[in-house]
Amino acid sequence: MNKHPRIFLSPPHMSGREEVYIKEALTSNWVAPLGPNVTAFEKEVAAYAGVKGALAVSSGTAAIHLALRLLGVGQGDIVFCSSLTFIGSANPILYLGAIPVFIDSEPDSWNMSPVALGKAFTWAQEKGNMPKAVVIVDLYGQSADFDALLNICNRYGVPVVEDAAEAMGSTYKGKACGTFGKFGVYSFNGNKIITTSGGGMLLSDDVEALEKALFWATQARDKAPWYQHSEMGYNYRMSNVVAGIGLGQLTVLDDRVRARRKVFVRYKEALEDIPGVGFMPEASYGQANRWLTVMTLDPNQTSTTPMQIIEALEAENIEARPVWKPMHLQPLFAGCKYFSHEDKESVADRLFETGLCLPSGSSMTEKEQQRVIQVVRRIITS
Ligand SMILES: *Cc1c(COP(=O)(O)O)cnc(C)c1O
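For the structure given in this document, a descriptive report is provided here. (Residues numbered from 1 in each chain as written. Predicted model: local features only at pLDDT ≥ 70, side-chain atom pairs only at ≥ 80, totals over all residues. Heavy atoms only, no water.)

1. Points about the sheet that holds strand E9 (residues 200-204)
Here's step 1: The 8 strands lie next to each other as E1-E9-E8-E5-E4-E2-E3-E14, forming an open sheet whose pairing is mixed. Among the strands making up the open sheet, the edge pair consists of strand E1 (53-57) and strand E14 (338-339).
Here's step 2: Bridge count between strand E8 (residues 183-187) and E9: 4 bridges; the pairing is antiparallel. Within the sheet, the bridge partner assigned to Gly184 lies in E9 and is Leu203. (Pairing = 2+ DSSP bridges. Helix = DSSP H or I, 4+ residues; strand = E, 2+ residues; numbered from the N terminus.)

Have a look at this one:
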């Protein structure tokens, strides 16, 4: 038996203000979907990000699904997508019957490589089969290099969906992540930097498109006195109770970013002297929210593997995880096309083999973090 309470990778961290909004929803009987919390949550998130509109939905994945459908993605279409990401970025491509083509990371930010993206566009042009959209992920809360990436996408006239599910509160050149594509997406899943227990947000300056997304997200009900449907829809709307949690969480978003960045600095200062230990770099063009602290182990300098550290932490009742397994390595996507940053080496593969995510919750105490640090140090140096 382990006497220490479990340290989770990224647990929810309530502000205490959520209850006020939830109680309001309950006492006013606004427990059904829609209601004042949903509207207020959408307005506040749009204002925070600096976009014209936002649509609250049941998950980040649902928001990506709606975004891709708004861009006209359908059966047999090609969609480019970051490979080093969570499955939620890519599953919506399959929902629409489209074909994902995966793009490698570049080593400086770990986000989509402009070099690999350029190769993919050249290939698509030669085939005469251009992608309908590009899904660009802000990995672990760090912005992708949007000047370089949008420059390429704009040259080919292909719209971008920014999957900022992990990057709420992060910036690129002073502007909020989630605002760089035609559509942007946040997730409020339980382990994200702020949470509603589960939910997502679709952002855009195109309020007409968001109206259409709202129509689809509420079962595509035609304007008729009876239930009439001319298009296929979904039940994707966020409920008013859930939005109340979001309103409470939003008041502490900036605190949560500061706390996660502090967690990162403590890990870095405590571990970076160990030969072979590295961390996800922060690109100079923006500020990452450091949703998760990701550590790397250089196999040329240490024989310790990420899995050995993860297992040692688990033995101490501490949760850690490998870096996302790249999409092009997933059995689900066997046979899908993949473009790497370098001709002979895939950056995403190397990051998957050498990286691990350390507990990074904003509610983790310094004492708890010391427990994590001690185990990591012991395993690598023993
Ligand atoms: C969490 C996440 C999603 C999906 O969000 P859900 O709200 O869980 O559906 C999509 N993309 C990335 C990169 C994520 O981390």
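So that's the structure; there's more coming.
2. As for the site of the ligand
Here's step 1: Near the ligand, the surroundings consist of 15 residues, among which Thr61, Asp163, Glu166, Ser187 and Lys192 are the closest.
Here's step 2: The contact in question runs from an oxygen atom of the ligand to an N or O atom on the side chain of Lys192, over 3.3 Å.
Here's step 3: Contact with the protein chains covers 94% of the free accessible surface of the ligand, which is 380 Å².
Here's step 4: Partitioning the shell around the ligand into residue classes produces 3 nonpolar, 9 polar and 3 charged. (Near = heavy atom within 4 Å. Polar contact = N/O pair within 3.5 Å; in protein donor to acceptor, adjacent residues only side chain to side chain. Areas by Shrake-Rupley, 256 points an atom, 1.4 Å probe, with all protein chains shown as cover. Nonpolar A, V, L, I, M, F, W, Y, C, P; charged D, E, K, R; others polar.)

3. Side note on the pattern of salt bridges
Here's step 1: Under the defined criterion, the tally for this structure stands at 16 salt bridges.
Here's step 2: Linking Arg69 and Glu231 is a salt bridge whose minimum nitrogen-to-oxygen distance equals 3.7 Å. Of this pair, Arg69 sits in helix H3 (residues 60-70) while Glu231 sits in the loop between helix H7 (207-217) and helix H8 (240-250), placing them 162 residues apart in sequence.
Here's step 3: Residue classification places Arg69 among the buried residues on the basis of a relative accessible area of 16%.
Here's step 4: Lys182 is the salt-bridge partner of Asp206, the closest N and O atoms lying 2.7 Å from each other. Within this pair, whereas Asp206 is found in the loop between E9 and H7, its partner Lys182 is found in the loop between strand E7 (175-176) and E8, the two being separated by 24 residues in sequence.
Here's step 5: Using a relative accessible area of 36% as the deciding quantity, one classes Lys182 as partly exposed.
Here's step 6: Here the residues in one salt-bridge network are Arg69, Lys212 and Glu231, joined through shared partners. (Salt bridge = Lys/Arg side-chain N within 4 Å of Asp/Glu carboxyl O. Buried < 20%, exposed > 50% of the residue type's maximum accessible area, 1.4 Å probe, protein only.)

4. Structural notes on the sheet that holds strand E12 (residues 293-297)
Here's step 1: Strands sit in the order E10-E12-E15-E13 across an open sheet of 4 strands; the sheet is antiparallel. With partners counted over all chains shown, the strands left at the sheet margins are strand E10 (277-279) and strand E13 (321-322), one partner each.
Here's step 2: Pairing analysis gives 3 bridges linking E10 to E12, with the strands arranged antiparallel. Across the sheet, residue Phe279 finds its bridge partner in E12, namely Met295.
Here's step 3: The strands touched by helix H9 (residues 253-271) within the sheet are E10, E12 and strand E15 (355-358), with E10 carrying the most contacts at an inclination of about 160°.
Here's step 4: Packed onto the sheet, helix H11 (residues 347-354) meets E12 and E15 and runs at close to 55° relative to E15. (Contact = heavy atoms within 4.5 Å. Axes fitted to C-alpha atoms, helices over the stretch in contact; angles between N-to-C directions.)

5. Things to note about the state of the cysteines
As used in these notes, a disulfide is a covalent bond between sulfur atoms, one from each of two cysteines.
Here's step 1: Going through the model one piece at a time under the given rule, you end up with 0 disulfides.
Here's step 2: Free of any disulfide, Cys336 has its nearest neighbouring cysteine sulfur in Cys81, separated by 10 Å.
Here's step 3: Residue classification places Cys336 among the partly exposed residues on the basis of a relative accessible area of 23%. (Disulfide = S-S within 2.5 Å.)

6. Observations regarding the packing of aromatic side chains
Aromatic ring pairs are reported here in terms of the distance separating the ring centres and the angle at which the planes meet.
Here's step 1: On inspection of all chains with the given rule, the structure shows 14 aromatic pairs.
Here's step 2: Ring plane angle 90° and centroid distance 5.3 Å describe the contact between Tyr172 and Phe180, whose orientation is recorded as edge-to-face.
Here's step 3: Given a relative accessible area of 2%, Tyr172 falls into the buried group.
Here's step 4: For the pair Phe264 and Phe279, a centre-to-centre distance of 5.9 Å together with 90° between the ring planes defines the contact as edge-to-face. Of this pair, Phe264 sits in helix H9 while Phe279 sits in strand E10, placing them 15 residues apart in sequence.
Here's step 5: Classification of Phe279 as buried rests on a relative accessible area of 12%.
Here's step 6: Three or more aromatic residues joined by ring pairs form one cluster here, namely Phe86, Tyr140, Trp291 and Trp324.
Here's step 7: A cation sits over an aromatic face here: Arg69 above Trp216, 3.9 Å from the ring centre.
Here's step 8: The aromatic ring of Phe264 is capped on one face by Arg290, whose charged end is 3.5 Å from the ring centroid. (Phe/Tyr/Trp six-rings, centres within 6.5 Å; stacked < 30°, edge-to-face > 60°. Lys NZ or Arg CZ within 6 Å of the ring centre and 35° of its normal.)

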